[in-house]
Every structure is written in C-alpha cells, then in structure tokens.
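# Coordinate inspection notes
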Amino acid sequence: MLTWTKDLQLALRTLRRRPGFAAMVLATLALGVGCTTALFGVFRTVFLEPLPLPDSGRLTFVMEAGGFGCCGPASGPDYQDWARRQRAFSGIGVLSPGSVTLTGEGEAERVYATAASASVFQLLGVSPLLGRTFTAADQIDPSVVVLSYGLWQRRFGGRRDVLGKTLDIDQSPFTVVGVMPRRFDVPSPWLGTQHHQLYVPLEDARLEGNRGAHGYPVIARLASGMTLQAAQADMDRIMRELAQEYPQSNAKRTAMVFIAHDYM
C-alpha cells in the first residue's frame with residue numbers, strides 16, 4: 001500500500017511538471033473510453049437487442065439472386081408475383097428508399113425517406129402515434145405522408161395539429177396523415193446508419209414493367225407455424241414457376257429468405 005501511494009505521488013508530480021504530456025494522456029484516455037462505449041452501443045443494438053417491433057424474430061427480408069450477384073432487391077413485377085403466389089407469409093411488403101427534398105413548415109432540407117406499400121405497416125404491427133398509415137387507395141394516387149417521431153419533434157415541435165398540414169416533397173404537395181412512435185423505423189437491409197424521416201405510399205404503377213430493374217427491398221412476416229426453411233421452399237417454388245413463364249429474365253434467378261435481425 002505504501003509503495004502504491006509513493007508511485008501515485010511520483011506520477012502526479014511528473015504530470016504537474018509536464019502539463020502538455022498530462023493533457024495528451026487524458027485526451028487519449030477520453031478517446032479510448034468514448035470509442036469503447038460507442039462500439040459497445042453498436043454491438044448491443046445489433047447483436048443483443050431484438051428489433052423494436054412486435055415478434056420481430058419472424059420478420060424476414062426476401063431478396064433476389066442471380067446473374068447480378070447475391071443478394072439484392074427484387075424487381076417490381078417479381079415482387080407482385082411473390083405477393084400473389086406466396087403461401088409462407090402472413091404479410092409481405094415492398095420499399096423504395098432514397099433521399100427527398102422537404103419544403104414547407106421551415107427551411108428546405110434533404111431527408112432520408114422511403115416509399116412503402118400499405119402492407120409494410122400492417123405486417124410490422126405498429127400503430128401510428130397520431131393519425132393513420134397508408135391504405136391500398138393511397139397506392140393508386142399517392143398524396144399523403146407519414147412522419148417519423150424524430151422529424152415530427154424537430155420540424156413541427158411535436159404539435160398535435162400537424163395532421164392535415166401540407167408539405168412539399170420533391171416539389172409535390174403531400175398531406176400529413178400520421179406520425180409514427182418513438183424508435184419506430186422500417187428495417188431495411190441497406191439502411192446502414194440512416195433512419196427514415198418520412199414515408200410516402202409506393203405507387204402501384206411504379207412496380208409494373210421491367211423485370212430487369214432490381215430496386216425494391218422486400219420485407220415479410222412468417223405466417224404462424226411457418227419456419228424459415230419452409231418459407232425458402234415456397235419461394236423456390238415461385239421462382240421455378242417464374243423461370244418457366246419468363247425465361248429471358250428469370251431463368252437464372254433465385255430468391256433468398258433471411259431473418260431480418262440476423263441479416264442486419
């Protein structure tokens with residue numbers, strides 16, 4: 001104990017005589033502690049905590065693979081065929097993420113957003129904090145927007161009269177119909193560190209046409225009693241059918257099903 005005390009006194013005298021060195025040591029320690037804390041936060045969120053969604057262990061990503069590599073978003077027509085023919089999921093939905101320019105109710109800004117089918121919110125099982133989400137009718141004539149909790153707080157000060165307000169998104173008017181709860185975010189295999197700030201309906205017409213355009217992440221929820229292996233077998237069946245019907249585009253394509261949390 002006496003030796004330890006003398007060592008500490010010597011260290012303190014040395015640091016007083018060399019303040020620059022002392023500052024460098026403290027800064028290095030602070031940086032090390034900060035980095036360690038940040039890395040543990042990422043590890044805990046990604047590996048230890050489930051996605052903040054009901055029964056999130058049954059949420060899946062459905063991806064296409066083929067001549068363009070493995071694995072990626074679906075084409076619009078392939079997704080439409082999946083939705084009509086699948087027997088493994090209680091719900092399946094499609095996204096089109098990207099950045100948009102938001103104006104109205106404040107200065108113009110670029111925000112990360114996604115166009116989503118109405119089925120996405122239904123299969124995730126989270127009700128909006130205010131208002132509503134999308135209906136099938138919104139996908140025919142998309143003119144409404146649902147805000148994230150963070151954007152609602154930051155841009156609108158958490159005002160409850162935000163419903164019915166008009167925002168310009170990429171110079172087109174959209175009416176605010178809903179606000180999602182805190183921590184809610186649509187999981188996406190390509191989201192990275194971004195968080196969706198707002199959601200607009202994905203127009204049905206955008207999904208039609210080119211089977212070679214792969215730009216639509218697909219999310220689905222396993223039906224009750226359905227396993228990941230059974231869902232994969234069901235998607236294999238669908239892809240065999242599509243390969244016969246559309247040999248030019250689908251002959252070498254497959255579909256892969258992943259548990260969303262495991263993949264992320």
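The structure reproduced in this document is the subject of the present report. No experiment lies behind these values; they were computed from the predicted model shown.

## A few points about the packing of helix α3 (residues 76-85) against helix α6 (residues 228-245)
It is the contact of α3 with α6, at a shortest axis distance of 11 Å, that shows an interaxial angle of 125°. Judged by the inter-axis angle, α3 sits oblique to α6. With respect to the hand of their crossing, α3 and α6 are arranged in right-handed fashion. Only Met235, Arg237, Ile238, Met239, Glu241, Leu242 and Glu245 of α6 make contact with α3, whose side of the interface consists of Asp78, Asp81, Trp82 and Arg85. Residues belonging to the contact of α3 with α6 are distributed by class as follows: five nonpolar, no polar and six charged.

## Side note on the nonpolar core
One finds Trp82, Phe89, Leu147 and Leu198 to be the most contacted residues of the largest nonpolar core, which totals 42 residues. Excluding its chain neighbours within four sequence positions, the residues that come into contact with Trp82 are Val62, Met63, Glu64, Ala74, Ile92, Val218, Met235, Ile238, Met239, Leu242 and Ala255.

## Describing the pairing of strand β4 (residues 89-103)
Where β4 lies against strand β12 (residues 218-222), five bridges are found, and the strand directions are antiparallel. Counterpart to Gly93 in the pairing with β12 is Ile219. What sits between β4 and strand β5 (residues 109-116) in their antiparallel hairpin is a turn of five residues, with Gly104 showing a positive phi close to 95°. Relative to strand β8 (residues 166-169), β4 runs antiparallel, the two being bridged by two bridges. Counted as the bridge partner of Thr103 is Asp168 from β8.

Criteria and thresholds
- Residues numbered from 1 in each chain as written.
- Predicted model: local features only at pLDDT ≥ 70, side-chain atom pairs only at ≥ 80, totals over all residues.
- Heavy atoms only, no water.
- Axes fitted to C-alpha atoms, helices over the stretch in contact; angles between N-to-C directions.
- Helix = DSSP H or I, 4+ residues; strand = E, 2+ residues; numbered from the N terminus.
- Parallel < 35°, antiparallel > 145°, perpendicular 65-115°, else oblique.
- Left-handed = near helix turned anticlockwise from the far one by under 90°.
- Contact = heavy atoms within 4.5 Å.
- Nonpolar A, V, L, I, M, F, W, Y, C, P; charged D, E, K, R; others polar.
- Core = buried A, V, L, I, M, F, W, Y, C linked by side-chain atoms within 4.5 Å.
- Buried < 20%, exposed > 50% of the residue type's maximum accessible area, 1.4 Å probe, protein only.
- Pairing = 2+ DSSP bridges.

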